[in-house]
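Listed below are the residues making up each chain.
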Amino acid sequence: MINMCRILGVVLSLLFAYDVMAQKNPTVINKARKIHNSIITLDTHIDIPYDFATSSYNTITKIKPAHQFDIPSMILGNLDSIFLVVFVSQGPRTQTGYAKALSDGLIKFRAIHRLTTAIQKKNIVLALSAEQVRNAHKDGKKSALIGIENGYIIGTDLSLINKFYKLGARYFGFLHFGHNDLGDSSVPNIQLGDAQEEHFGLSQLGKEVLRTLNNHGIIPDISHSSKKTALDIVNLSRSPVIASHSNVQGIYNHPRNLSDEELFAIKKNNGVVQVVAYDAYLKNIPEEKKMAIAIMQKSLGIGNYQDLYDLGQDTLKEYQLGMANINQNFPSADLSVLLDHIDYIVEKIGVDHVGISSDFNGGGGIKGWENVADTFNVTLELLERGYSENEIEKIWGENTLRVMEEVNRISLMHKRQKR
Ligand SMILES: [Zn+2]
């Protein structure tokens, strides 16, 4: 029965895909293609596993079932620039916990450097500024930037921010699932003993981190922060902020999504919200699907969401194949839902404050944008929604590049004053 359902699911999804393509107007497709090929497309959130840029995940060969990013597919999808993410999962706030987070994070920095200085240096450069993203685009090259996800990586050591800046980090997400020493998470970690709130916003250390980020020229990232913590970051920051991968509560009320109050604060701060192609933050997941996911996770020994971030390579592959099967029976959101979140932000705070992220390799990927090779479909959908070329250019990259330039300008002012 399950097999029959699965086969039916595949047939239906193929028919649906055929139907969608058949409905597209060739003139619109050509126009979208022209726009997509000329503008800078920038995805602000792609995760990397611990074996990234090694023989088991070399990024040279095209997409394997468990991966959503590699260089040939990035070229195929004409995605120009990406933030690769140095993510560390939240653990205990002890010296041992901090040391593990730091060493885990350094593995990922080294992997990104291997990609851009050795394995793929002909195709992709490590960009440290908006100018370098633009130059790479002019030279017909891809660019990778580095973002940090979870301020737990510094433990309580502020000096590490300088080290990470030198290693190339250009945004810094304060939190993940679970509170840390910098502030409160939008989703407390019960296993680690979190209360609903701990700091009631940014902690004193969190405020010092924010000042240090502003001084160095690293973008503060509010994704995963609780509402109070996010509002503290946005209101206290001397430079614009981003939400590197967040959707909005106005379309789907989820604790990871942003409230209108946060949106208005971001507008005032001249920041950007990068909507994310993450099914569970785009729309409500049916109970049957939640159940199917729970059963599959249990069979792989995954107890809760925290375990998902510490899976071994083999389990990760099995998990991703399991999710692909479940998605055949219970399709994920499609691009029109992602566009609903974009439209909402544009309506509330304007087209200068919205961007795009995938969260590929980190749970992201939806119908129509399942891996980097599908990136053109996003531009096509934007055009079909009525966005102009200039607006699509802003949404796909210019807004984020503007934030990077402003963050850099404010940091340079600080450095000059210090001299
Ligand atoms: Zn995340």
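Quick caveat: nothing in here was measured; it's all calculated off a predicted structure. Within each chain, residue numbers correspond to sequence positions counted from 1 in written order. Reporting in this predicted model follows two pLDDT cut-offs: at least 70 for local features of residues, and 80 or more for side-chain atom pairs to be given and counted; totals over whole chains, interfaces and linings ignore these cut-offs and use all residues. Derived side-chain values reflect all non-hydrogen atoms in the structure, with water molecules and hydrogen atoms excluded from consideration.

A. Representation of the domain arrangement of the protein chain within the structure. Per the domain assignment, the segments of the protein chain are domain 1 (1–31) and domain 2 (39–283 + 333–418). We call two residues in contact when some of their heavy atoms are within 4.5 Å. Taken together, the contact pairs five residues of domain 1 with six residues of domain 2. Two parts lose some accessible area (1.4 Å probe) when they are put together, and adding that loss for both gives the buried area. Summing the contributions of domain 1 and of domain 2, the shared interface buries around 580 Å²; its carbon and sulfur component is 71%. Whenever a carboxyl oxygen of Asp or Glu lies within 4 Å of a side-chain nitrogen of Lys or Arg, that contact is scored as a salt bridge. Counting every contact that joins domain 1 to domain 2 gives one salt bridge. Across the salt bridge formed by Glu 384 and Lys 24, the nearest N and O atoms sit 2.8 Å from each other. Polar contacts here mean pairs of N or O atoms no more than 3.5 Å apart (in protein, one a potential hydrogen donor and the other a potential acceptor; neighbouring residues in sequence count only if both atoms are side-chain atoms). Seen at the junction of domain 1 and domain 2, the total is one residue pair in polar contact (both at pLDDT 80 or more). A run of H or I in DSSP becomes a helix once it reaches four residues, and a run of E becomes a strand once it reaches two; helices and strands are each numbered from the N terminus. Residue contributions to the side of domain 1 that touches domain 2 peak at three residues, all from helix α2 (residues 26–38). Asp, Glu, Lys and Arg are counted as charged, while Ala, Val, Leu, Ile, Met, Phe, Trp, Tyr, Cys and Pro are counted as nonpolar; the rest, among them Gly, fall into the polar class. In terms of residue class, the side of domain 1 that touches domain 2 is made up of three nonpolar, no polar and two charged. Where each domain starts and ends comes from a domain assignment, either automatic or drawn from a database.

B. Fine view of the pattern of salt bridges. Tallying each qualifying case throughout the model produces 17 salt bridges. Between Lys 228 and Glu 197 there is a salt bridge; the shortest N-O distance is 3.0 Å. Of the two residues, Lys 228 is situated in helix α8 (residues 227–236) and Glu 197 in the loop between β5 (169–173) and α7 (204–216); the sequence distance between them amounts to 31 residues. Accessibility expressed as a relative area gives 40% for Lys 228, which makes it partly exposed. Among the salt bridges present, the one from Asp 279 reaches Lys 289, with a minimum N-O distance of 3.1 Å. With Asp 279 in helix α10 (residues 279–282) and Lys 289 in helix α11 (residues 287–299), the pair connects residues that are ten residues apart, well separated along the chain. For every residue, the accessible area obtained with a 1.4 Å probe (protein chains only) is divided by the maximum for its type, and the residue is called buried under 20%, exposed over 50%, and partly exposed between those limits. Residue classification places Lys 289 among the buried residues on the basis of a relative accessible area of 1%. What you see here is one network of salt bridges that share partners, running through Arg 93, Asp 181 and Glu 198.

C. Examining the nonpolar core more closely. In terms of nonpolar packing, the biggest core is built from 86 residues, with Phe 69, Leu 84, Phe 172, Phe 174 and Leu 382 touching the most fellow members. No other element matches the eight residues that helix α14 (residues 335–349) contributes to this core. Grouping buried Ala, Val, Leu, Ile, Met, Phe, Trp, Tyr and Cys residues that are joined through side-chain atoms within 4.5 Å yields what is termed a nonpolar core.

D. Highlighting helix α6 (residues 160–167). Those residues of α6 not exposed but buried are Leu 160, Ile 161, Phe 164 and Tyr 165. Considered in projection along α6, the buried side chains sweep an arc of 145° and stay on one side of the axis. For α6, the elements touching its buried residues are α4 (95–119), β4 (142–149), β5, α7 and α16 (389–418). Directions from the helix axis toward the C-beta atoms define the arc.

E. Highlighting the environment of His 341. Along the chain, His 341 falls in helix α14. Separated by 66 residues in sequence, His 341 and Val 275 place their C-alpha atoms 7.0 Å apart. Apart from residues no more than four positions distant in its own chain, His 341 is found in contact with Asn 247, Val 248, Ile 251, Tyr 252, Asn 257, Val 275, Tyr 281 and Leu 282.

F. Local environment of the pairing of strand β9 (residues 354–357). Of the two faces of β9, the one lined by Val 354 and Ile 356 and the one lined by Gly 355 and Ser 357 are each fully buried. By this definition, two strands are paired if DSSP reports at least two bridges between them. The sheet contact formed by strand β8 (residues 272–276) and β9 spans four bridges and is parallel. Residue pairing in the sheet places Val 273 in a bridge with Val 354 of β9.

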